[in-house]
Every structure is written in structure tokens, then in C-alpha cells.
Amino acid sequence: MDLEALRTPTRFLQSLGISLPPELELRELEDWWEAEGKAISMMIDRLGTPWLRAFDRFGRRVDEILYPPDYRRMLLQGYRAGAVWHAFEGAGLPATFLIGYLTAFYDAGLYCPYTVSLATALVLHKYGDSELRDRFLPPLLRRDGEVWQGATWMTEAGGGSDLGATVETIARPGGPRWQLTGEKYFASNVGAELALVAARPEGAPRTVRGLALFLLPRYREDGSLNYTIRRLKDKIGTRAVPTGEVELRDSEAYLLGRPEEGIYLILEALNVSRVANSIGSVALMQRAIAEALTFAERRVAFGRPILEHPLMRRQFEERVRTLQAAFALAWTSVQMLDEVRMERPPYSPRYHLFRLLTHLAKYWTAEQAVQAAKWAMEVHGGMGVLGEYPVERWLREAMILPIWEGTPHRQILDGLEVMARKGAHRLLMEQLAPEADPRTLEEMMDRVEAHLRLPPDAQEAQAEPLFRDLARFTADTLLRRFRV
Ligand SMILES: Cc1cc2nc3c(=O)[nH]c(=O)nc-3n(C[C@H](O)[C@H](O)[C@H](O)COP(=O)(O)OP(=O)(O)OC[C@H]3O[C@@H](n4cnc5c(N)ncnc54)[C@H](O)[C@@H]3O)c2cc1C
């Protein structure tokens, strides 16, 4: 086991045989994080929620979000490096996830603005008409301090899992633009210049099929605010990202795609974020294990560094193995996203395979991130729970990962659905066959098929152990494709 590879994100990526295109300048970005970014990130986490200035001194509504000055400097590093623009005019979509990996190793929360900006740009590029694209895509792809940010706002106060029932935001047609009225309850990267917003065209059914997706600019055509921010949320982690409650009052927005296909567009945006969430989870795992390593090498108990005790050593080996498998799963979902990203409904079987992989990756990597962060805290003993060292922060950050972009229940149930309705597990097994042990593969296939024959309630009730084992099996098998 090469523990040295854990020290930095680029070393870990290279240890798995991931090539780092020189034009990405990942090492330069890493150097910046080591020299300056780490300290800025730690300070912003400690300062807590950014501050909302709703009115200027003349009583006009401005809704400015105030951060420490260094925040903007830290945020711009990733945009300049190509966390969004590489997907369109550079080294390609996977490159943006490498920048995301590196970012999330240092600050898991900061990867959120890049992710939602990327999702906004990808959906706009794919479903916006040429006028919308020409107008709104270039500012999202800027490489300087004037770059625009995106956001993806679906969840409302009634809940995020059952969007078909809970989205109350109404969209009324009115010429080239629509008017949106409603409230978004968990709006990350609030303050963004553009947001993807789920709304229900007036008269559409109260189901997921009744939802459409809109592009909503921060300012109206006449320059006034197009949405207002009721308040910012005080969160345990991802404090570098302002998450707020947004009020829409006849807000100007542009329809993306066809209204009746809105739910597919919403899920496409969410799936980009789920892939990124998986990459971010793995990066956080690496960071937590790396912190544990630094401590375990130097902390002495019973006459030797705790790392040298057999039980601890074995735990490190197992953690690293799980980390590598988690990376293999997350990275394969990046590659599949790159392959199917231009598909439109009705999707091909490869797209459904991508969906299944993404549900497995989002579910499993987020859970492993929580477990790794908890374990890193235990390795630190009492020091681990103290606010003055970074390790407790990774647990706070990790706890966000299973929840946003769809909870574990959602991933399991949607994963089950794509297997039951589209048979995505068959294609998954075919893909895994060259590397898998044939008997284990057959057993897993039989288990899934038997599960899908259960009555619906039993299928749901008993889904978690199956999904967990399928994720581990998939991750371990995919790891054989990587250099380890
Ligand atoms: C830090 C943070 C940032 C966020 N940013 C955004 C954002 O930018 N945009 C956005 O749209 N949303 C955002 N969210 C919201 C997030 O997507 C939701 O929290 C998530 O989708 C779950 O919705 P909910 O919290 O309303 O829980 P609910 O939907 O109310 O669910 C409550 C619980 O019930 C479970 N549950 C629901 N249905 C079932 C079922 N059929 N079977 C079993 N269990 C079930 C859920 O899994 C969950 O455990 C953010 C959340 C967080 C924590």
C-alpha cells in the first residue's frame, strides 16, 4: 500500500493511472491551495454563514451577499482553472471533474458552486435555443473575475424528494419570457447570475410530468432584481456556499426544452451534480484519511507510532482500498456522463446504465465519505473532536453529501426503478464481466433478478442491503480497470 499517494490529490490521481493533462495546471492549483487556499478555507468555515445585506442605505432592495474578501479570490481559482469552461472549449468534461476533485480535497463545499454552474451551462448548451445560448453561455465560460455563476433550484418548503407533489412555483407564459411566482427553499449558490428553476406551467398536472425547467437570470431586462433572497441558511458544513430561500414574484425566465419533457431536464441537471457529489465524496475521503495518516505517524502509544500497531495498520489498508474502489466507481460515472451527455429522451440503454451507475456512486461514495470522516476523527482520539483542528470539519462537511442532490432513499429507489423498468443491471453485469469473478457476478445477477420479482413493498423494504452490496461489487470490479 502506497500511503504516500494519499498526501495530495494529484499524487492520488496519478497513483490510479489518471492522466493529468498539462494544460489543466492541476499542480499549480494544488500549490495555491497548499500555500494560501487552505488557510482561507479554514477561516471561512470558522466565520460561518455569509451575511445577507438585503437593502442599501437608501432602503432599496439589493440582496448582496457579503463574504470575507479572500472568499472571492478562493472561488475564482476554480473558475479560472476551468471548472466550467473546460467542458466546452478545453480538455473536455472529465477535466472539470479533476478540478472538482482537487477543490473538494481542500474544501468540499466550494465544489458546489462549480458543480451547479457546470450543470447550468450543460443544460443551457443542450436545451437553450441559439439566442439564449449566445446570450447566456459566454459569461458562464469566462476565465476572469467577471465570470457568471449558475445554480439549480428545485426544492421547495414541502420537500425535495417528491418534487412532483411539492413544487408550487407557477410559470405563466408571456411573450418570449415566462413569469415565475413561488419560493425555493434550499437554493444553493444563491446570488448566482443564472439559475435553473423547476416550475409548473399554469394548468399543468400536479405530478412530475407537470414540471418544466426554466433559466432565470439574476436581473430583469430593465436591470432590477429578478429574485429576492429571504434569508441565508445556517448550515453545519459547506459554509463557503451561501444557501438561501428565494422568492420569485413574476420573475422573468426562459423555458428550456419542451414543457412536457421538463422532468427529464431536471433529472439531467441533478445527475451532473450527483456525479460531482460522488467525486467530491471521494476527495473528502482522501483528505480525511490523509489527515488521519499524518496524525497516526506521529502519535505514539505503547512505545510506537499508532500507525505501526497491527490493528491500526489494517484499518488504514482497508480504508485506502475502499477509497480506491470509490474513486473507480465515481470516475466511471464521470466517463459515462461524458459518453451520454448529449442524449435526449427517449434515452438509450447506455443512458440507463449511466443512471444506475450514478445512483450507485452517489449513494455509496457519500456513505463512505461519512464513514471515513468519522473514522479519521476516531484515529485522532480526543483531539479529533476539537474545533481547532481540521478533522471535525470533515465530518460536518461529509454529513451534507448523502443529503443534497437526493438522499440515500432516493438513490436506492431510483436505482431500483431503472433496474426494474429498463433492465439496467443486465447491461451493468455485461460491462463488469471482463473483470469480475464469474461466480460472484452470476450470484449478484441472480440476487438482483430475484429481488425484482418480489412484491413492490417488499422490493422497497429490502432494497438497501442489495443496493449496498451491488455498489461495493461494482466499485471493486471497476477498480480492476485502474492501475493499483
Ligand atoms: C446544504 C444543502 C444544500 C442544498 N441545496 C439545494 C439546491 O441548491 N437546490 C435544491 O433544489 N435543493 C437543495 N437542497 C435540498 C436537497 O436537495 C433536499 O434536502 C433533498 O432533496 C431531500 O429533500 P428534503 O430535505 O425536503 O427531505 P424530504 O423530501 O422531506 O424527505 C425526508 C426524508 O424522507 C425520506 N423519504 C422520502 N421519500 C421516501 C420514500 N419513498 N421512501 C423512503 N424514504 C423516503 C427522504 O429520503 C428523507 O430521508 C439542499 C440541501 C442541503 C442540505
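Please read all numbers here as calculations on a predicted model, not as lab measurements. (Residues numbered from 1 in each chain as written. Predicted model: local features only at pLDDT ≥ 70, side-chain atom pairs only at ≥ 80, totals over all residues.)

What follows is about the overall build of the chain. Of the regular secondary structure elements, the chain holds 17 helices and eleven strands. In terms of overall dimensions, the chain is globule-like: its C-alpha atoms have a radius of gyration of 22 Å, near the 23 Å expected for 484 residues. Projecting the C-alpha coordinates of the chain onto the three principal axes gives extents of approximately 70 × 55 × 40 Å. Counting over 484 residues, the chain shows a buried share of 48%. Of all intrachain contacts in the chain linking residues separated by at least 6 positions in sequence, the fraction that spans at least 24 positions is 73%. (Helix = DSSP H or I, 4+ residues; strand = E, 2+ residues; numbered from the N terminus. Rg over C-alpha atoms; globule rule 2.2 N^0.38 Å. Buried ≥ 20, exposed ≤ 12 C-beta atoms within 10 Å, placed from the backbone. Contact = placed C-beta atoms within 7 Å.)

Among the 22 residues in the neighbourhood of the ligand, the closest are listed as Gly-159, Gly-160, Ser-161, Ser-188 and Thr-407. Those elements that provide at least two residues to the shell around the ligand are strand 3 (152-153), strand 5 (177-188) and helix 13 (408-422). Tallied by class, the residues present in the shell around the ligand amount to eight nonpolar, eleven polar and three charged. For the shell around the ligand, the domains that each give at least three residues are domain 2 (152-259) and domain 3 (263-479). (Near = placed C-beta within 6 Å. Nonpolar A, V, L, I, M, F, W, Y, C, P; charged D, E, K, R; others polar. Domains from an automatic or database assignment.)

Between its first and last C-alpha atoms helix 9 (residues 262-298) spans 55 Å; for 37 residues at 1.5 Å apiece the expected length is 54 Å, and the two agree. Most of helix 9 is tucked away: 31 of the 37 residues are buried. (Expected span 1.5 Å × (residues − 1).)

Time to look at the domain arrangement of the chain. By the assigned domains, the chain splits into domain 1 (3-140), domain 2 (152-259) and domain 3 (263-479). Taking only C-alpha atoms into account, the centre of domain 2 sits 30 Å from that of domain 3. Listed per partner, the contact involves 14 residues of domain 2 and eleven residues of domain 3. Its residues assigned to classes, the side of domain 2 that touches domain 3 comprises eight nonpolar, five polar and one charged.

Bringing the pairing of strand 2 (residues 61-66) into the picture now. Of the pairings in the sheet, the one linking strand 1 (residues 51-55) to strand 2 comprises four bridges and is antiparallel in character. Across the sheet, residue Arg-53 finds its bridge partner in strand 2, namely Glu-64. The hairpin formed by strand 1 and strand 2 contains five residues between the paired strands, and Gly-59 there has a positive phi angle of roughly 85 degrees. (Pairing = 2+ DSSP bridges.)

It is worth spelling out the environment of Ala-433 at this point. When you line up the elements, Ala-433 lands in the loop between helix 14 (424-432) and helix 15 (438-452). Between the C-alpha atoms of Ala-433 and Thr-477, which are 44 residues apart in sequence, the distance is 8.8 Å.

Moving on: the packing of helix 10 (residues 310-340) against helix 11 (residues 349-379). Two elements in contact, helix 10 and helix 11, have axes whose closest approach is 9 Å; the angle formed by their N-to-C orientations is 150 degrees. With respect to helix 11, the element helix 10 is oriented roughly antiparallel. In the crossing of helix 10 with helix 11, the sense of the turn from one axis to the other is left-handed. Residues belonging to the contact of helix 10 with helix 11 are distributed by class as follows: 15 nonpolar, six polar and three charged. (Axes fitted to C-alpha atoms, helices over the stretch in contact; angles between N-to-C directions. Parallel < 35°, antiparallel > 145°, perpendicular 65-115°, else oblique. Left-handed = near helix turned anticlockwise from the far one by under 90°.)

So, about the nonpolar core. The biggest cluster of nonpolar side chains holds 153 residues, and the ones touching the most others in it are Phe-214, Ile-289, Ala-373 and Ala-376. When residues in this core are grouped by element, the largest group, 19 residues, is from helix 9. For Ala-373, the contacting residues outside a window of four places in its chain are Leu-284, Ala-288, Trp-394, Leu-395 and Ala-398. (Core = buried A, V, L, I, M, F, W, Y, C linked by C-beta atoms within 7 Å.)

Let us look at helix 15. For helix 15, built from 15 residues, the straight-helix expectation of 21 Å at 1.5 Å per residue is met to within 8% by its first-to-last C-alpha distance of 21 Å. What helix 15 keeps buried is the set Met-444, Val-448 and His-451. Seen along its axis, helix 15 keeps its buried residues to an arc of 65 degrees; they face one direction. Exposed side chains of helix 15 directed beyond 90 degrees from the buried face belong to Pro-438, Arg-439, Asp-446 and Ala-450. (Arc of directions from axis to C-beta.)

Turning next to the environment of Val-246. Secondary-structure assignment places Val-246 in strand 9 (residues 243-256). When the C-alpha positions of Val-246 and Ser-278 are compared, they lie 27 Å apart, and in sequence the two are 32 residues distant. Apart from the residues lying within four places of it in its own chain, the contact partners of Val-246 are Trp-153, Glu-183, Lys-184, Ala-187, Val-190, Tyr-227 and Ile-229.

To continue, consider unusual backbone geometry. In this structure, Pro-346 follows Pro-345 across a cis peptide bond, with omega equal to 0 degrees. Relative to the helices and strands, Pro-346 resides in the loop between helix 10 and helix 11. Phi is positive for Glu-25, close to 50 degrees, though the residue is something other than glycine. Taking the C-beta count within 10 Å as the criterion, Glu-25 has 16 such neighbours and is therefore assigned partly exposed. Notably, Phe-302 is not glycine yet its phi reads approximately 50 degrees, a positive angle.

This part is about the packing of helix 9 against helix 10. Where helix 9 contacts helix 10, the axes come no closer than 9 Å and their chain directions differ by 160 degrees. If you check the angle between helix 9 and helix 10, you find them roughly antiparallel. Remark: the crossing between helix 9 and helix 10 carries left-handed chirality. Between helix 9 and helix 10, the contacting residues are Val-272, Val-275, Ser-278, Ile-279, Val-282, Met-285, Gln-286, Ile-289, Leu-293 and Ala-296 on the first element and Met-312, Phe-316, Arg-319, Val-320, Leu-323, Ala-326, Phe-327, Ala-330, Ser-333, Val-334 and Leu-337 on the second. In terms of residue class, the contact of helix 9 with helix 10 is built from 17 nonpolar, three polar and one charged.

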